[in-house]
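Chain residues, written in single-letter form:
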Amino acid sequence: MSVDTANPEGSSELNADSELKQGVSGRLLYFYVLGDVLGSGIYVLIGLVAGAVGGAFWAAFAVGVTVATITGLAYAELVTKYPQAAGAALYVNKAFKNKTLTFFITFCMLSASYAAAGSLATGFAQYFGEVWEAAPALVVALGFIVALAIINFIGITESVVANMIMTFVEVTGLVIVLVIGVVATAQGKVDFGRITEFSTDSNPALGLLAGVALAFFAMTGFENAANLAEETRNPRRDFPRALIGGMATAGVLYVLIAVTAAITVPIQQLAESDAALLEVVKTGILPLSVAVLTIIFAIIAMVAITNTCLVCLVTESRILYGMAREDVVPAPFAKVSSRQVPWLAILFSVIVIAALLVSGADLAQLANVTVVFTLLIYALVIVSAVKLDRHDRTDETFRAPRVLLGIGVVANFLILGYVIYDDPGSLLYCAALLGVGVVLFIAERVLGGGTPTTDLES
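These numbers were taken from a predicted model, which means no experiment stands behind them.

Draft legend 1. Structural view of the packing of helix α5 (residues 58-81) against helix α10 (residues 204-219). Packing of α5 against α10 brings their axes to within 8 Å, and their N-to-C directions diverge by 60 degrees. The pairing of α5 with α10 is recorded here as oblique in orientation. Of the two possible hands of crossing, α5 and α10 adopt the one that is right-handed. Seen from α5, the contacting residues are A59, A60, F61, V63, G64, V65, V67 and A68; seen from α10, they are L208, G211, V212, A215, F216 and M219. A breakdown of the residues in the contact of α5 with α10 according to their chemical character gives twelve nonpolar, two polar and no charged.

Draft legend 2. Region of the structure containing a nonpolar patch on the surface. Residues V131, W132, I295 and I299 make up a contiguous nonpolar surface patch of roughly 390 Å² in combined accessible area. With respect to the helices and strands, I299 occurs in helix α14 (residues 290-325). Owing to a relative accessible area of 42%, I299 belongs among the partly exposed residues under this scheme.

Draft legend 3. Seen up close, the pattern of salt bridges. Applying the stated criterion across every chain yields a total of five salt bridges. Ionic pairing is found between K81 and E77, a salt bridge with its closest N-O pair at 3.9 Å. Placement of the pair is K81 and E77 together in helix α5, with a separation of four residues, close to one helical turn. Accessibility expressed as a relative area gives 7% for K81, which makes it buried. A relative accessible area of 1% means that E77 is categorised as buried. A salt bridge links D389 to R402, with the nearest nitrogen and oxygen atoms 3.3 Å apart. Taken as a pair, D389 in the loop between α16 (363-387) and α17 (402-422) and R402 in helix α17 lie far apart in primary sequence, 13 residues in all. The class for D389 is buried, based on a relative accessible area of 13%.

Draft legend 4. Structural detail: the packing of aromatic side chains. A complete count under the given rule lists eleven aromatic pairs for this structure. Aromatic side chains F57 and F61 sit 6.4 Å apart centroid to centroid with 70 degrees between the ring planes, which places their arrangement in the edge-to-face category. Assessed through its relative accessible area of 0%, F61 is described here as buried. With 4.9 Å between their ring centres and 65 degrees between their planes, F103 and F441 make a pair best called edge-to-face. Of this pair, F103 sits in helix α7 (residues 99-131) while F441 sits in helix α18 (residues 426-447), placing them 338 residues apart in sequence. Residue classification places F441 among the partly exposed residues on the basis of a relative accessible area of 25%.

Draft legend 5. Molecular detail of α7. Over its 33 residues, α7 extends 48 Å from the first C-alpha to the last, a length consistent with the 48 Å expected when each residue adds 1.5 Å. Burial of α7 is extensive: 24 of the 33 residues sit out of reach of the surface. Here α7 starts with a cap whose side-chain oxygen sits 3.0 Å from the backbone nitrogen of T100, and that cap is N98.

Draft legend 6. Region of the structure containing the confidence of the model for the protein chain. Across the protein chain, pLDDT averages 81, with 86% of residues at or above 70. Per-element mean pLDDT across the protein chain ranges from 42 in helix α1 (residues 8-11) up to 92 in α17. Taken together, the stretch residues 450-458 has pLDDT below 50 and engages in 26 contacts with residues farther than four places along the chain or on a different chain.

Draft legend 7. Inspection of α5 at higher detail. Here α5 is 24 residues long and its end C-alpha atoms lie 35 Å apart, about the 34 Å a rise of 1.5 Å per residue gives. Of all 24 residues making up α5, 20 are buried, and the element is well covered by its neighbours.

Draft legend 8. Seen up close, the packing of α14 against helix α15 (residues 343-359). Packing of α14 against α15 leaves a shortest axis separation of 8 Å and a crossing angle of 120 degrees. Classified by the interaxial angle, the pair formed by α14 and α15 is oblique. As for how α14 packs across α15, the hand of that crossing is right-handed. Between α14 and α15, the residues in contact are L313, E316, S317, R318, L320 and Y321 and A345, I346, F348, S349, V350 and I353, respectively.

Draft legend 9. Inspection of unusual backbone geometry at higher detail. Phi at K97 takes a positive value of approximately 50 degrees, unusual for a residue other than glycine. By secondary structure assignment, the location of K97 is in the loop between α6 (88-96) and α7. According to the relative accessible area criterion, K97 is partly exposed, its value standing at 42%.

Draft legend 10. Local environment of the nonpolar core. Y43, F57, F61 and Y75 are the most contacted members of the largest nonpolar core, which totals 160 residues. No other element matches α14, which puts 20 residues into this core.

Cut-offs and rules
Residues numbered from 1 in each chain as written. Predicted model: local features only at pLDDT ≥ 70, side-chain atom pairs only at ≥ 80, totals over all residues. Heavy atoms only, no water. Axes fitted to C-alpha atoms, helices over the stretch in contact; angles between N-to-C directions. Helix = DSSP H or I, 4+ residues; strand = E, 2+ residues; numbered from the N terminus. Parallel < 35°, antiparallel > 145°, perpendicular 65-115°, else oblique. Left-handed = near helix turned anticlockwise from the far one by under 90°. Contact = heavy atoms within 4.5 Å. Nonpolar A, V, L, I, M, F, W, Y, C, P; charged D, E, K, R; others polar. Patch = residues over 30% accessible without salt bridge, like charges linked within 9 Å, V, L, I, M, F, W, Y side chains within 5 Å. Areas by Shrake-Rupley, 256 points an atom, 1.4 Å probe, with all protein chains shown as cover. Salt bridge = Lys/Arg side-chain N within 4 Å of Asp/Glu carboxyl O. Buried < 20%, exposed > 50% of the residue type's maximum accessible area, 1.4 Å probe, protein only. Phe/Tyr/Trp six-rings, centres within 6.5 Å; stacked < 30°, edge-to-face > 60°. Expected span 1.5 Å × (residues − 1). Polar contact = N/O pair within 3.5 Å; in protein donor to acceptor, adjacent residues only side chain to side chain. pLDDT = per-residue confidence, 0-100. Core = buried A, V, L, I, M, F, W, Y, C linked by side-chain atoms within 4.5 Å.

This is the structure:
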């Protein structure tokens, strides 16, 4: 891997024309990636994956992380070439020079993030109910989104620092689970035979694919870091390290946590639980009050959800900001506050997420919507990396192995096809969210004079 070893002052010239503050270091970016990939999925989805696969459900997480990491290689290559906000939309535009496709990908990105934020806010409200049952779920969810928007308004450096702190908290929760696994093993209270069992009625391969499709929601998030490219001090040096390092760390933790859950708790019990990791805590392996540990874990889960949702809000506003600068969405979205954050883009994102919450959209369907959009984006980003192989390449840019990228395209489309087959109703929500994009497209053509640019290099 070839990376930029220039000093931070020199690297800042890459983003010299950006109005955004370059306040994100490589270390902060690593924890940003780690925190977003870990996110809330590991706390919420393990039970569903266990039910789909059986005791060997750890393999679904391993396969999912592998596919996501391959996609991450494509992102790392493209970010070192084009360290600008807008992420996948920018890469697809440079590869295909097609305004319609660029606009479509932009709102696939936004729609995925909006749907994820809506489902996470609902999950936060559910965990909050474990601590205070009297709180109305919708009010908690809406207040949660508003609170994160305020953090985002304060500034990007503060947002990423908050993300890093919350990452430490959620990792601490996972460490507790691992400690329970170690103690249970020492006491002989585990069943390693479960980790090779497939409890599916059909072909084990199909069961594994079903598990990967469910687990993939927990794998998404690393792509959000690409939208901080303009705010990173040394993107050519730091992005490959942060992306791959963060994903590798998350992948190892996912597999270890899955194995721990499988050997300490019966698979059926995990599958029937809405918070499977709490079942590990409730085994009573540690010499502490189960009731106290349960409350602590509920709080940790809320922190994990907060971490992921904060990243969603940061990402959404930066996508709108980047595309407004390139005349893809109305120009007001490019306005920044005195603290150098895109305030109108943040406000718009809060309104869309709030609308999803008020609509009563099902949490599971919103998660599937996120996966559908994300897999399509991943596949197109990999294709863009291959298509742009000979463009803007220098000795300082990272280059991903082409064989791995080919495997990544096939894997992403395979999982995408299964999700659509398993839940075709999710396409209705996809269409509704893309409808928001149509409105902004029309507004840009009217307010922008009807001649938006087609080259994001302008």
